[in-house]
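Structural overview
In case you want the letters, here they are:
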Amino acid sequence: MSTPSILTVNNIEVIYDHVILVLKGVSMSVPRGKIVALMGANGAGKSTTLKSISTLLRGERGDVTKAALNSTASASTS
Ligand SMILES: Nc1ncnc2c1ncn2[C@@H]1O[C@H](COP(=O)(O)OP(=O)(O)O)[C@@H](O)[C@H]1O
Ligand SMILES: [Mg+2]
């Protein structure tokens, strides 16, 4: 059986200011106990991806307009 993911990002789309499409079809998953690196050129959308996961996007007038984020991480680190 594969390691369960504590985070899945499934085909999200993010738009800033209702018009600026910056993420389209972004998917990733983070298995429990693993480290995942997000790499890309300047302006590729790394920070936007992390802001959508961490709920900081709304503060920048960004919206996840398609698909879903799912986190099963708990506060416990044991
Ligand atoms: N608050 C914002 N409003 C409008 N556009 C933004 C905003 N933040 C980032 N962008 C644009 O979204 C794109 C992705 O930026 P960003 O997620 O910061 O990329 P990275 O972190 O990979 O350098 C860039 O074109 C950037 O100009
Ligand atoms: Mg960045």
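Quick caveat: nothing in here was measured; it's all calculated off a predicted structure.

1. Points about unusual backbone geometry
With a phi close to 60°, Asn11 is a non-glycine residue in the positive phi region. Among the structural elements, Asn11 can be located in strand 1 (residues 5-16). Owing to 12 C-beta atoms within 10 Å, Asn11 belongs among the exposed residues under this scheme.

2. Side note on the site of ligand 1
Ligand 1 sits among 13 residues. The nearest are Tyr16, Lys46, Ser47, Thr48 and Glu60. Those elements that provide at least two residues to the shell around ligand 1 are strand 2 (20-31) and helix 1 (46-54). The element best represented in the shell around ligand 1 is helix 1, accounting for three residues. Residues that form the shell around ligand 1 fall into these classes: four nonpolar, six polar and three charged.

Here is what the cut-offs are and how they apply
- Residues numbered from 1 in each chain as written.
- Chains lettered and ligands numbered in written order.
- Predicted model: local features only at pLDDT ≥ 70, side-chain atom pairs only at ≥ 80, totals over all residues.
- Helix = DSSP H or I, 4+ residues; strand = E, 2+ residues; numbered from the N terminus.
- Buried ≥ 20, exposed ≤ 12 C-beta atoms within 10 Å, placed from the backbone.
- Near = placed C-beta within 6 Å.
- Nonpolar A, V, L, I, M, F, W, Y, C, P; charged D, E, K, R; others polar.

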